[in-house]
Amino acid sequence: MPTTRSPQRLVVLVSGSGTNLQALLDACADPSYGATVVAVGADRDGIEGLARADRAGIPTFVRKVGQFSSRDDWDHALADSVAAFEPDLVVSAGFMKLVGEDFLGRFAGRIVNTHPALSPSFPGMHGPADALAYGVKVTGATLFVVDGGVDTGPIVAQVAVPVEDDDDTEELHERIKVAERQMLVENVGRMAREGFTITDRKVRFGA
Ligand code: GAR
């Protein structure tokens, strides 16, 4: 995707504490970062991720699955809400829903997601717990371009994190998140400033 406007417009989707969102907000405060968060969307109310957006003066929207008569209707409404902010890139940062066909079609190749495991290992909702249960010694985080699968899209970046013998899920996830936030900020910034291409699953920076 060639970079056409600067700063690039980011819509960030969250479901929880929003520390990845906060890392992006902090990075975007520097004009040389090349991106700006224009809106934050969520699938639930009352989360710290939305409070972070409010404190930063950034518009928010909430689209709950339960408010709609079908998952497709929810997907369509979510896509409409995102589209209203004309994003160059949609960043799913701890958004605990899979988007559907309509959403994927409208923002094809422009949605990235950060996942707390080293893909293709441990996809899904419980990356740190699954890594711990398997007994791996190294796990990490993966930034990828979203496709129709569960955490299967072309990989933008990965970072490795050691698993310690006495880790519980929370400790491991917190260690992953420290590395994950840095990876997210660094690579979303590069996508915004340099553009990127995807060929045979290989994501490369540059127009
Ligand atoms: C992050 O570790 C993110 O990778 C994970 O939720 C956390 C959100 O933290 N996402 C998933 O597990 C999606 N499958 P945050 O709300 O503090 O940014």
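Scroll up to find the structure this text is about.
Each value, and the rule that gives it
- Residues numbered from 1 in each chain as written.
- Predicted model: local features only at pLDDT ≥ 70, side-chain atom pairs only at ≥ 80, totals over all residues.
- Heavy atoms only, no water.
- Near = heavy atom within 4 Å.
- Polar contact = N/O pair within 3.5 Å; in protein donor to acceptor, adjacent residues only side chain to side chain.
- Areas by Shrake-Rupley, 256 points an atom, 1.4 Å probe, with all protein chains shown as cover.
- Nonpolar A, V, L, I, M, F, W, Y, C, P; charged D, E, K, R; others polar.
- Axes fitted to C-alpha atoms, helices over the stretch in contact; angles between N-to-C directions.
- Helix = DSSP H or I, 4+ residues; strand = E, 2+ residues; numbered from the N terminus.
- Left-handed = near helix turned anticlockwise from the far one by under 90°.
- Contact = heavy atoms within 4.5 Å.
- Expected span 1.5 Å × (residues − 1).
- Salt bridge = Lys/Arg side-chain N within 4 Å of Asp/Glu carboxyl O.
- Buried < 20%, exposed > 50% of the residue type's maximum accessible area, 1.4 Å probe, protein only.
- Right-handed = clockwise from strand over helix to strand, strands pointing away.
- Pairing = 2+ DSSP bridges.

## Focus: the site of the ligand
Taken together, 14 residues lie near the ligand, and Ser17, Thr19, His173, Lys177 and Glu180 sit nearest. In this structure, an oxygen atom belonging to the ligand sits 2.6 Å away from a side-chain N or O atom of Ser17. Considering the ligand on its own, with 450 Å² of exposed area, one finds that the protein chains cover 95% of that surface. Split into classes, the residues belonging to the shell around the ligand amount to two nonpolar, ten polar and two charged.

## Looking at the packing of helix 5 (residues 127-134) against helix 6 (residues 169-194)
A pair of packed helices is characterised by two quantities: the angle between their axes and the separation of those axes. Where helix 5 contacts helix 6, the two axes come as close as 9 Å, and the packing angle between them is 120°. Where helix 5 crosses over helix 6, the two elements pack in a sense that is right-handed. Residues Pro128, Ala129 and Leu132 of helix 5 pack against Thr169, Leu172, His173 and Ile176 of helix 6. Residue composition of the contact of helix 5 with helix 6, grouped by class: five nonpolar, two polar and no charged.

## Some details on helix 6
Helix length check: helix 6 (26 residues) gives 36 Å between terminal C-alpha atoms against 38 Å at 1.5 Å per residue, within 8%. One or two positions beyond helix 6, positive phi appears at Gly195, with a value near 75°.

## With respect to the pattern of salt bridges
The full count for this structure, using the stated rule, is nine salt bridges. Between Arg106 and Asp80 there is a salt bridge; the shortest N-O distance is 2.7 Å. Residue Arg106 is located in helix 4 (residues 101-106), and its partner Asp80 is located in helix 3 (residues 71-83); the two are separated by 26 residues in the primary sequence. Overall, Asp80 belongs to the partly exposed group, its relative accessible area being 37%. In this structure, Glu194 and Arg190 form a salt bridge, with 2.8 Å as the shortest nitrogen-oxygen distance. A residue pair is termed a helical-turn pair when its members lie 3 or 4 positions apart in one helix, as Glu194 and Arg190 do in helix 6 at four residues. Here the salt bridges share partners, and the residues they tie into one network are Asp43, Arg44 and Lys97.

## Here's the deal with the pairing of strand 2 (residues 35-42)
The element strand 2 is extensively covered by neighbouring structure, given that seven of its eight residues are classed as buried. The β-α-β motif built from strand 1 (residues 8-14), the intervening helix 1 (residues 19-28) and the parallel element strand 2 has right-handed crossover chirality. Note: strand 2 against strand 3 (residues 60-62), three bridges, orientation parallel. The partner of Ala42 across the bridge, within strand 3, is Val62. Note that the unit made of strand 2, helix 2 (residues 48-55) and strand 3 has a crossover that is right-handed.

## Observations regarding the sheet that holds strand 4 (residues 89-92)
The seven strands are arranged 3-2-1-4-5-6-7 in an open sheet whose pairing can be described as mixed. The open sheet terminates on both sides in strands that have one partner only, identified here as strand 3 and strand 7 (155-162). Across this sheet, the average inter-strand angle for adjacent strands is 20°, counted without regard to direction. Relative to strand 2, helix 1 is tilted by about 155°, and along the sheet it contacts strand 1, strand 2 and strand 4. Packed onto the sheet, helix 2 meets strand 1, strand 2 and strand 3 and runs at close to 155° relative to strand 3.

## Regarding the environment of Gly105
Note that Gly105 resides in helix 4. Gly105 sits in the exposed class, given a relative accessible area of 54%. With 43 residues separating them along the chain, Gly105 and Gly148 place their C-alpha atoms 9.8 Å apart.

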